[in-house]
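Inside the fold
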Amino acid sequence: LAAGFSAFLSKPFSRNQLQDVLVSQLGNTQPAPGVALAGFTTAGDAPSEDTDVAPAAHDQASAGAVPWVNTRFLEAERAALGEAVLQQIARVFETQGDVLMADLMTAAHAGETKACGKLAHKLRGAASNQGLTRLEQLAAELEDETAAGMAGEVLADRAAVLNQAYERSVHALQTNL
């Protein structure tokens, strides 16, 4: 703000918060009826039904109730961006995600806890941008565990669980596109 910014909105933020900041900065203009800000869920949005109801045995108990894909999120993205753009974004996610997961697995096997935490943070954000709710949660859990000083011998096992969740999430995303 001291450098000349007129507003700041920290992550995570809701669609309503973003709209409020935009209105405050641009004036009292409202979007046309039926126009939504894509990619952001409102505070009251809950993840949609699980598109793959049989969780794998390796899933964390805390993630068991979280769906693989938030289909309402994908539908809002589809409405705002169109099918072709949504497909392109999904391809970029998968391409970059494959590299990210390979780097995370390498770091985990090398016992590089801090690097794993950073990579889990990146994966969490990317999953959030795709509506991959369970992957987002599992990546956040690994990020938190590495920040808390996770033991190196556990790291590779946790990274393997996250890798399996990534693969399953990519499949669920492709199924829902």
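Residue positions within a chain follow its written sequence, with the count starting from 1. Selection of residues for local features in this predicted model requires a pLDDT of at least 70, selection of side-chain atom pairs for listing and counting requires 80 or more, and totals for whole chains, interfaces and linings are taken over all residues. Think of the side-chain values as coming from all heavy atoms in the structure, minus any hydrogens and water.

On to the pattern of salt bridges, then. We define a salt bridge as a contact between a side-chain nitrogen of Lys or Arg and a carboxyl oxygen of Asp or Glu at a distance within 4 Å. In this structure the tally under the stated criterion is four salt bridges. Across the pair R78 and E75 runs a salt bridge, and its minimum N-O distance is 2.5 Å. Of this pair, R78 and E75 are both found in helix α2 (residues 71-81), three residues apart, which corresponds to roughly one turn of the helix. A salt bridge links R124 to E143; the shortest N-O distance between them is 2.7 Å. With R124 in helix α4 (residues 113-130) and E143 in helix α5 (residues 133-147), this residue pair connects regions lying 19 residues apart in the sequence. Salt bridges sharing partners connect three or more residues here, namely E75, R78 and E83. Starting at the N terminus, helices and strands are each numbered in turn, a helix being any DSSP run of H or I of at least four residues and a strand any DSSP run of E of at least two.

Paired rings are identified among Phe, Tyr and Trp, the last through its six-membered ring, by centres lying within 6.5 Å, and are further divided according to the angle between planes into stacked (under 30 degrees), edge-to-face (over 60) and tilted (the rest). Under the definition given, this model contains one aromatic pair. Ring centres 6.0 Å apart and planes at 50 degrees place the aromatic pair F93 and Y166 in the tilted group. Of the two residues, F93 is situated in helix α3 (residues 83-109) and Y166 in helix α6 (residues 152-176); the sequence distance between them amounts to 73 residues. Throughout, exposure labels follow a simple rule: accessible area from a 1.4 Å probe, protein chains only, divided by the maximum for the residue type, with under 20% read as buried, over 50% as exposed, and the rest as partly exposed. For Y166, a relative accessible area of 3% corresponds to the buried category.

Bringing the confidence of the model for the protein chain into the picture now. The pLDDT value tells you how sure the predictor is about a given residue, anywhere from 0 up to 100. With 78% of its residues at a pLDDT of 70 or more, the protein chain has an overall mean of 80. Averaged pLDDT values over the elements of the protein chain bottom out at 78 in helix α1 (residues 15-26) and peak at 95 in α3. Long-range and interchain partners of residues 34-63, a stretch whose pLDDT sits below 50, account for 70 contacts in this model, where long-range means more than four residues apart. The contact criterion used is simple: two residues touch if any of their non-hydrogen atoms lie within 4.5 Å.

Moving on to a nonpolar patch on the surface. Patch criteria: residues need more than 30% relative accessible area and no salt bridge. Like-charged residues are merged within 9 Å; nonpolar side chains of Val, Leu, Ile, Met, Phe, Trp and Tyr are merged within 5 Å. Surface accessibility follows the Shrake-Rupley procedure with a 1.4 Å probe radius. Residue values consider only the protein chains on display as shielding. Taken together, the side chains of L81, V85 and I89 present a nonpolar region at the surface, about 190 Å² in accessible area. By secondary structure assignment, the location of I89 is in helix α3.

The next subject is the packing of α3 against α6. At a closest axis distance of 9 Å, the pairing of α3 and α6 adopts a crossing angle of 170 degrees. If you check the angle between α3 and α6, you find them roughly antiparallel. Between α3, through A90, F93, E94, G97, D98, M101, L104, M105, A108 and H109, and α6, the contact on the second element is made entirely by L155, A156, A159, A160, L162, N163, Y166, V170, L173 and Q174. Note on residue classes: Ala, Val, Leu, Ile, Met, Phe, Trp, Tyr, Cys and Pro are nonpolar, Asp, Glu, Lys and Arg are charged, and everything else, Gly too, is polar. Here the residues of the contact of α3 with α6 are counted per class, giving 14 nonpolar, four polar and two charged. In this analysis, axes come from line fits to C-alpha atoms, helices being fitted only over the stretch in contact, and the angle between any two N-to-C directions falls in the range 0 to 180 degrees. Here roughly perpendicular refers to angles of 65 to 115 degrees, roughly parallel to angles under 35, roughly antiparallel to angles over 145, and oblique to all remaining angles.

Relative to the helices and strands, S169 is located in helix α6. The buried category is assigned to S169, whose relative accessible area is 0%. Apart from residues no more than four positions distant in its own chain, S169 is found in contact with W68, L132 and L135.

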